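# Structure at a glance
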Amino acid sequence: MTALNARHITKSKGTQECAMESPSRVEKLRRRHPREGFTRNVAACDACRQSKTRCDNARPSCAKCATNGVRCIYSAKDPISMVDAWGAKILAAVHRIDQRLAGGAPTSCSPLSHSLDKNEKHSDDDQVEVEMLSRNDSLRTCVTGADAILSWPIFPSEKPVSIFGTSAFSAKRDRFTPGTPSTNLNQLQSLRRLYVSNIHTKAPIIDLNQLDKFIFDVAGNGLHASANTCLVLLVCALAKIWGNSTCDDVYTQVIYDSATAAPRLHTSLAVPEDRMKESLSYFAAARDMMSAAYLDDSLTGIQCFCLFGYWYQCNIEPVQSWKFFRTASTLWQAYHAKHRQQPSSRSEKENSLEQRLYWTCLKTECELRTELPDLPSSCLWASDFPFSFPSFSKPTDTDQADGLETGDPDPTTASSFYYLAEISLRRLLNRIRNSLGSLNPRMSTPDIQKFSQALAKHEHQLQRWVECLPVALQFAMPLRLEPPSEEPELVQLLRERYTQAYELLRRPYLYLCLHAHLDPELLEISTQRANDCL
């Protein structure tokens, strides 16, 4: 989530919870993929290794060392410590960048270590329709994606791990043996409310009245292989991950130092095991009905594959998530081809859902490709779909279902405006990405000036985006004001999205300072903007 991308799901309350638990519970939070019987963690700390006890691998101190009040030390040879050491080298490189910018001295021209694909072509706004640029993010650039940035010569050349190794392309094994999901009506309705409050507010891609009908059918007739049942199970699986958390983004526990009796917090980002087990029970049942969702020729099948993708985002599996959103995009194309000849035969609500599903699939694929540039661009960007933004159908008298929420979000609510703002910013980020395609260390001074003018145009568009936000979604501008201590979630997400776009507009100047020969005037301007990036 960008509607609901990886950032949204992992940052939101779904993957994290603040609670007071026992030490044994905290130890369980760090377990990964248990096998039959006892398994050893990848890298136990020295104290746990010597005592031959299970280590939860928490950093900087595991729960056992924190409880015993002893220093927690990890071997420099274990995989996590290798990454920590690499991270220290990266931080040192960033410090050198900062010192170089502070000195204001021109840098020597370094070879472009991340070469652009010569077969990939790019066009600016004068050559291609702005609408097409707003939907297409296919360009690989030297300043987007962690692998591209870490290939800059100033960073250490050795990398202990790949950002996305081959293992990232395979689905993780189930952490637990899936149980039988509950189909109790009260339980299903409770999970439905959690889904609406935590996910639907950011990704309104489901008709809630229709979902209520599906829930009553499952509660009354049990689980049966259909897209409708699959949708209910996925809604419950996502809701279970969120739980009832309404506090901070971390799961914390108070531990008392055995030597001083002073309390301190032990923090974990893992979803509690009980919630993850129940989520997996619903998800596994939905997974068994995947073929029914795939063969469904209505919007329900598309919705199912979007929710599959969201669940894998929760599980930190971006490649698997991309696979399902890619499939959802293909199903959308089949649905659109079927109904394009008879648009009047569908209701306003169905037309609205089709538009929202189009933009949800497109922008989520774009978001996932930010760190996975080798994946192909979305198959939807070249579609002849005429809607630059989705619409929201007007609520009707029948949209109140059994005392639950209305079936469609009111277009005047903050949630709807948030969703539209996300799409608008994604369109701008795609145009920025296309402009970045011309960046290279051999640019002439006139080319750099022209390039800078294009970025200035995008920055003006970004400021206009901020100015057009409704009052309920306005935020404290980064680098100027500190955000309030209790910032609404949607406001916080938009502020962070703005920061991402602003930093991306400044990042090319950091690249130029490190790679290109700049005349004194350009060097002064680029240095100032590069400092903003840092």
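Conventions and cut-offs
- Residues numbered from 1 in each chain as written.
- Predicted model: local features only at pLDDT ≥ 70, side-chain atom pairs only at ≥ 80, totals over all residues.
- Heavy atoms only, no water.
- Core = buried A, V, L, I, M, F, W, Y, C linked by side-chain atoms within 4.5 Å.
- Buried < 20%, exposed > 50% of the residue type's maximum accessible area, 1.4 Å probe, protein only.
- Helix = DSSP H or I, 4+ residues; strand = E, 2+ residues; numbered from the N terminus.
- Axes fitted to C-alpha atoms, helices over the stretch in contact; angles between N-to-C directions.
- Left-handed = near helix turned anticlockwise from the far one by under 90°.
- Contact = heavy atoms within 4.5 Å.
- Nonpolar A, V, L, I, M, F, W, Y, C, P; charged D, E, K, R; others polar.
- UniProt positions renumbered as here; feature names shortened; annotations may be inferred.
- Salt bridge = Lys/Arg side-chain N within 4 Å of Asp/Glu carboxyl O.
- Expected span 1.5 Å × (residues − 1).
- Bend = angle between axes of the 7 residues up to and from the residue.
- pLDDT = per-residue confidence, 0-100.
- Phe/Tyr/Trp six-rings, centres within 6.5 Å; stacked < 30°, edge-to-face > 60°.
- Lys NZ or Arg CZ within 6 Å of the ring centre and 35° of its normal.
- Polar contact = N/O pair within 3.5 Å; in protein donor to acceptor, adjacent residues only side chain to side chain.
- Parallel < 35°, antiparallel > 145°, perpendicular 65-115°, else oblique.

### Here we look at the nonpolar core
By size, the foremost hydrophobic cluster in this structure holds 70 residues, and its most contacted members are Y195, I206, L307 and W311. Looking at this core, the elements with two or more residues in it are α8 (185-200), α9 (208-221), α10 (227-242), α11 (273-288), α13 (299-314), α14 (318-339), α15 (348-368) and α16 (414-436). Counting residues per element, this core draws most heavily on α10, which supplies 12 residues. Counting residues in each nonpolar core, the second largest holds 47 residues, with L150, L473, L490 and A516 among its members.

### Quick notes on the packing of α11 against α13
Where α11 contacts α13, the axes come no closer than 12 Å and their chain directions differ by 145 degrees. As for the relative orientation of α11 and α13, their crossing is left-handed in sense. Of the residues in α13, those in contact with M276, S279, L280, F283, A286 and R287 of α11 are F308, W311 and Y312. Class assignment of the residues belonging to the contact of α11 with α13 gives a composition of seven nonpolar, one polar and one charged.

### Looking at the UniProt feature "domain: Zn(2)-C6 fungal-type" (unreviewed entry) in the protein
In the numbering used here, UniProt assigns the feature "domain: Zn(2)-C6 fungal-type" (unreviewed entry) to residues 44-74. With 39% helix and 0% strand, residues 44-74 has its two end C-alpha atoms placed 7 Å apart.

### Some points on the side chain of Q303
Among the secondary structure elements, Q303 is positioned in helix α13. For Q303, a relative accessible area of 1% translates into the label buried. With near-sequence residues (within four places) excluded, Q303 lies in contact with I205, I206, D207, Q210, L231, L353 and L357.

### As for the pattern of salt bridges
Summed over the entire model, instances satisfying the criterion amount to 21 salt bridges. In this structure, E487 engages R495 in a salt bridge whose closest nitrogen and oxygen atoms are separated by 2.7 Å. Exposure remark for R495: the relative accessible area of 15% places this residue in the buried category. Among the charged side chains, a salt-bridge network with shared partners connects E367, E422, R426 and R497.

### Regarding helix α18 (residues 489-515)
The α-helix advances 3.6 residues per turn, and as a result positions three or four apart in sequence lie on the same side. Here α18 spans 39 Å end to end across 27 residues, near enough to the 39 Å set by a 1.5 Å rise per residue. The largest bend along α18 measures about 30 degrees and falls at L505, with the proline P508 one to four residues further on. With 22 of its 27 residues buried, α18 lies for the most part within the structure.

### Brief notes about the confidence of the model for the protein
When pLDDT is averaged along the protein, the result is 78; 72% of the residues meet or exceed 70. Taken together, the stretch residues 105-128 has pLDDT below 50 and engages in 55 contacts with residues farther than four places along the chain or on a different chain. Overall, residues 245-249 carries pLDDT values under 50, and its contacts beyond four positions in sequence, including any with other chains, amount to 13 contacts.

### With respect to the packing of aromatic side chains
Summed over the entire model, instances satisfying the criterion amount to 20 aromatic pairs. Aromatic side chains F283 and Y312 sit 5.4 Å apart centroid to centroid with 90 degrees between the ring planes, which places their arrangement in the edge-to-face category. You can see F283 sitting in helix α11 and its partner Y312 sitting in helix α13, a full 29 residues away along the chain. With a relative accessible area of 0%, F283 lands in the buried category. Of the residues examined, Y312 reaches a relative accessible area of 8% and is grouped as buried. Ring pairs connect the aromatic residues F283, Y294, F305, F308, W311, Y312 and F324, which therefore count as one cluster. In this structure, R427 is placed above the aromatic ring of F389, and the distance from its NZ or CZ to the ring centre is 5.1 Å.

### As for the side chain of S378
Inspection of the secondary structure puts S378 in the loop between α15 and α16. Looking at S378, its side chain comes within polar contact range of the main-chain nitrogen of L380, at 3.1 Å. Setting aside its immediate chain neighbours within four residues, S378 contacts R326, S329, L362 and E365.

### Section: the environment of P156
By the element assignment, P156 lies in the loop between α7 (146-150) and α8. Separated by 64 residues in sequence, P156 and A92 have C-alpha atoms that sit 9.6 Å apart.

### Section: the packing of α8 against α10
Packed helix pairs are characterised by how far apart their axes lie and by the angle those axes make with each other. The N-to-C vectors of α8 and α10 enclose an angle of 70 degrees; their axes lie 8 Å apart at closest approach. By the angle between their directions, the pair α8 and α10 is classed as roughly perpendicular. Along its contact with α8, which presents Q187, L188, L191, R192, L194, Y195, N198 and I199, the element α10 presents V235, C236, L238, A239, K240 and W242. When grouped by side-chain class, the residues that make up the contact of α8 with α10 number 10 nonpolar, two polar and two charged.

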